[in-house]
Amino acid sequence: MNQVSSEPGQSAAPGAAIRRNPRLIKLRCIGCAREYPLLDLPAGCPHCASAGTPASLEALYSELPRTLTAASSAYKWGDWLPYTHGVSLSEGDTPCLDLPRLARELGIRQLSAKHEGMNPTGSHKDRMSAQGVSRALDVGAGTVVLASSGNAAVSAAAYCAAAGLRCEIATYRDMPAPFARALHHLGAQRVVFDRGFDRWDHVRQRVERDGAFALTNYSVPAVGSPVFGVEGYRAVALECVAGGCIPDHVLVPTARGDLLWGLYSGLRDLLQAGLIKHMPRLWAVEPFPRLSRVLDGAPLQSEFPGQTVQFSIGGSTVTLQQKLAVQQSGGGAIVVNDAGAIEGTSKLAAQGLWVELCAGACLSALARLREQGEAGPSHHALLLLTAKGDRDAFDPFP
Ligand SMILES: [Zn+2]
């Protein structure tokens with residue numbers, strides 16, 4: 001049943017210290033709750049996939065720590081993740097900044113910003129790459145393959161280089177030059193396509209035909225990225241709570257919801273462990289209506305096409321994981337168009353934070369929540385600033 005095997009004649013990087021979390025016991029479908037042994041199932045739950053309603057898997061741990069103490073493992077929060085030791089470029093531990101001027105302007109008690117642009121390759125994707133590439137090493141994969149034309153591509157290229165693995169990335173032809181240059185430097189192989197779905201077909205073929213290890217989704221309808229990588233985002237929740245940041249609202253730029261789900265999963269487990277007293281409401285920020293339409297009753301498996309310059313959160317699909325994360329946390333979806341994203345980015349830049357456009361959109365989304373009365377004067381909100389702005393394809397300040 002293991003759908004990933006080593007490619008002939010290739011082996012994992014010598015000397016890489018990979019250690020799986022002994023608490024990690026099985027996988028569970030977030031849709032139908034069927035349980036699976038620790039296999040690589042990049043299309044998610046086979047039962048739900050065959051029913052035409054694809055669903056991601058999540059990791060199940062036998063028990064989780066009852067205290068928020070950083071582990072002595074290579075990964076600071078490794079006790080809560082699939083791997084305690086593995087490939088690392090010192091990702092995580094990103095700053096959580098206080099923005100009192102913007103909080104006053106918005107009329108809320110406190111505004112924080114988790115600056116994920118401070119990760120080694122400039123985005124939150126490094127958290128997924130660390131755990132996902134460690135998994136690839138653990139199962140003896142020779143090649144990691146993914147579809148991305150932005151932050152995930154650069155991150156995967158860096159972590160595969162660190163691990164000594166071959167990295168193959170299906171990209172758009174018009175990938176922004178700074179990203180393409182980074183891939184070249186990091187030694188990743190680019191395979192170029194005109195259409196998003198063609199990229200996914202390529203990844204599927206490389207996985208199913210050649211035994212490559214998938215780091216991102218290739219299913220249509222879409223699921224989240226494979227579980228071992230997505231679990232890496234749980235550390236964002238742990239870092240925030242350990243640092244005393246337990247907000248009422250969290251605003252997350254969202255395409256297919258990997259980060260959103262990881263945050264939800266970490267916060268849910270912290271709540272169950274009694275380490276936080278309430279569940280922050282998670283809000284998916286999107287550039288045009290996708291999840292918003294699903295929450296209004298549209299079928300989740302539909303296509304929701306739209307145009308945007310918010311490069312990192314484009315795409316026309318919705319996943320079950322993003323829907324569940326907002327519903328089960330009592331949040332929702334907020335559409336911020338490109339003008340709103342540019343305005344938010346500009347306001348953050350005035351605080352000294354140059355972030356990608358979709359991260360700026362979170363600030364405008366929060367203003368919307370305030371107008372609607374969802375966010376009140378006594379509330380604390382957290383913005384997830386997913387990446388730095390210096391590689392954005394669109395220049396809002398020409
Ligand atoms: Zn299922």
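The structure displayed is predicted, hence computed values, not measured ones. Residues take numbers from 1 onward in each chain, read along the sequence in its written order. Where local features are concerned, this predicted model is filtered to residues with pLDDT of at least 70; where side-chain atom pairs are given and counted, the filter is 80 or more; whole-chain, interface and lining totals use all residues.

Undergrad: How would you summarise the overall build of the protein if you had to cite specific residues and measurements?
TA: Scanning the protein from terminus to terminus reveals 13 helices and 15 strands. It is over C-alpha atoms that the radius of gyration is taken, and the globule rule equals 2.2 Å times the number of residues to the power 0.38. Its C-alpha atoms give the protein a radius of gyration of 19 Å, within 12% of the compact-globule value 21 Å for 398 residues. In terms of principal-axis extent, the alpha carbons of the protein reach across some 60 × 50 × 40 Å. Here, residue contact means that the backbone-derived C-beta atoms of the two residues sit within 7 Å. Across the protein, contacts joining residues at least 24 apart in sequence account for 72% of those joining residues at least 6 apart. Helix and strand labels come from DSSP, where a helix needs a run of H or I of at least four residues and a strand needs a run of E of at least two; each type is numbered from the N terminus.

Undergrad: Quick rundown of the sheet that holds strand E14 (residues 332–335)? Include the residues and the values.
TA: By this definition, two strands are paired if DSSP reports at least two bridges between them. An order of E6-E7-E15-E12-E13-E14 is seen for the six strands of this open sheet, with the pairing classed as mixed. Looking at the sheet topology across the chains shown, the edges are occupied by strand E6 (96–98) and E14. On average, adjacent strands in this sheet sit at an angle of 25° to one another, irrespective of strand direction. Two elements, E6 and strand E7 (residues 110–115), share three bridges in a ladder whose sense is antiparallel. Note on definitions: angles span 0 to 180 degrees between N-to-C directions of axes, and those axes are lines fitted to C-alpha atoms, for helices only across the stretch in contact.

Undergrad: Let's hear about the sheet that holds strand E8 (residues 143–147): which residues, and what values?
TA: Read across the open sheet, the four strands follow the order E10-E9-E8-E11; overall the sheet is parallel. Two strands lie at the open edges of the sheet, namely strand E10 (189–193) and strand E11 (213–214), each paired on one side alone. Along the sheet, helix H4 (residues 151–163) makes contact with E8 and strand E9 (166–172), crossing E9 at roughly 170°.

Undergrad: Please give an account of the pairing of E9 that cites residues and values.
TA: Within E9, five of the seven residues are buried, which leaves it mostly tucked inside the rest of the structure. Here E9 pairs with E10 via five bridges, running parallel. Bridge pairing in E10 places Glu168 opposite Gln189. Handedness of the crossover joining E9 and E10 through helix H5 (residues 177–186): right-handed. Whether a residue is buried, exposed or partly exposed follows from its count of other C-beta atoms within 10 Å of its own C-beta, namely 20 or more, 12 or fewer, or something in between, respectively; the C-beta atoms are built from the backbone. Handedness of a crossover: with both strands directed away from the viewer, a clockwise path from the first strand across the helix to the second marks it as right-handed.

Undergrad: Quick one: what's the story with the nonpolar core, residue by residue and with numbers?
TA: For this entry, the nonpolar core is defined as buried Ala, Val, Leu, Ile, Met, Phe, Trp, Tyr and Cys residues connected by C-beta atoms within 7 Å. With 118 residues, the main nonpolar core has Val144 and Ala157 as its most contacted residues. Among the elements that line this core, the one with the most residues is helix H13 (residues 357–372), at ten residues. Leave out the neighbours within four places in its chain, and Ala157 touches Cys167, Ile169, Ala182, Leu183, Leu186 and Ala188.

Undergrad: Tell me about unusual backbone geometry, and please be specific about residues and values.
TA: Following Val220, the chain continues into Pro221 via a peptide bond in cis, with omega recorded as -10°. With a phi close to 70°, Ala33 is a non-glycine residue in the positive phi region. Its location among the elements puts Ala33 in the loop between strand E2 (24–29) and strand E3 (35–36). Located in the positive-phi region is Asp93, a residue other than glycine, with phi close to 55°. Within the secondary structure, Asp93 is located in the loop between strand E5 (83–85) and E6.

Undergrad: Lay out helix H12 (residues 338–349) with the relevant residues and their values.
TA: A helix is expected to span 1.5 Å multiplied by its residue count minus one. In a regular helix each residue adds 1.5 Å, so twelve residues correspond to 16 Å; H12 covers 16 Å between its end C-alpha atoms and thus fits that length. Considered for burial, the residues of H12 that qualify are Gly340, Ala341, Ile342, Gly344, Thr345 and Leu348. The inward-facing, buried residues of H12 contact H13.

Undergrad: Let's hear about the packing of H4 against H5: which residues, and what values?
TA: For the pair H4 and H5, the least separation of the axes is 9 Å and the interaxial angle reads 10°. Looking at the two axes, H4 sits roughly parallel to H5. Here H4 contributes Ala153, Val154, Ala157, Ala158 and Ala161 to the contact with H5, which in turn contributes Phe179, Ala182, Leu183 and Leu186. Three categories are distinguished: nonpolar for Ala, Val, Leu, Ile, Met, Phe, Trp, Tyr, Cys and Pro, charged for Asp, Glu, Lys and Arg, and polar for the others, with Gly belonging to the last. In terms of residue class, the contact of H4 with H5 is built from nine nonpolar, no polar and no charged. With respect to orientation, any angle under 35 degrees is reported as roughly parallel, any angle over 145 as roughly antiparallel, any angle of 65 to 115 as roughly perpendicular, and every other angle as oblique.

Undergrad: Any chance you could break down helix H11 (residues 320–329) for me, citing the residues and the numbers?
TA: Taking burial as the measure, the ten residues of H11 include seven buried ones, the bulk of the element. Taken residue by residue, H11 has Leu320, Gln321, Gln322, Lys323, Ala325, Val326 and Ser329 as its buried positions. In this fold, the buried residues of H11 make contact with helix H9 (258–272), strand E13 (281–286), helix H10 (291–295) and E14. Gly330, located one to two residues past H11, shows a positive phi value of around 80°.

Undergrad: Please set out the environment of Ile313 residue by residue, giving values where relevant.
TA: When you line up the elements, Ile313 lands in the loop between H10 and H11. Taking the C-alpha atoms as reference points, Ile313 and Ala59, 254 residues apart in sequence, are found 25 Å from one another. Among all residues touching Ile313, those that are not within four sequence positions of it are Pro253, Thr254, Ala255, Glu286, Pro287 and Cys358.

Undergrad: An account of the packing of helix H3 (residues 125–138) against H4 is requested, with residue identities and associated values reported.
TA: Where H3 contacts H4, the axes come no closer than 9 Å and their chain directions differ by 40°. The pairing of H3 with H4 is recorded here as oblique in orientation. Classified by chirality, the crossing of H4 by H3 is right-handed. Each of Lys125, Asp126, Ser129, Ala130, Val133 and Leu137 in H3 lies in contact with H4, whose residues at this interface are Asn151, Ala152, Ser155, Ala156, Tyr159, Cys160 and Ala163. Of the residues belonging to the contact of H3 with H4, the class tally is eight nonpolar, three polar and two charged. By definition, turning the near helix anticlockwise from the far helix through less than a right angle yields a left-handed crossing, and turning it clockwise yields a right-handed one.

Undergrad: I'd like to hear about the environment of Arg368, residue by residue, with values.
TA: Tracing the chain through its elements places Arg368 in helix H13. Taking the C-alpha atoms as reference, Arg368 lies 36 Å from Asp198; in sequence the two are 170 residues apart.

Undergrad: So, the environment of Ala387: which residues are in play, and what are the values?
TA: Relative to the helices and strands, Ala387 is located in the segment after strand E15 (380–385). Sequence separation between Ala387 and Ser129 is 258 residues, and the spatial gap between their C-alpha atoms is 15 Å. Excluding anything up to four places from it in sequence, Ala387 contacts Glu116, Gly117, Gly122, Ser123, His124, Asn151, Ser312, Val355, Glu356 and Ala359.

On their own, these measurements won't tell you what the molecule is for.
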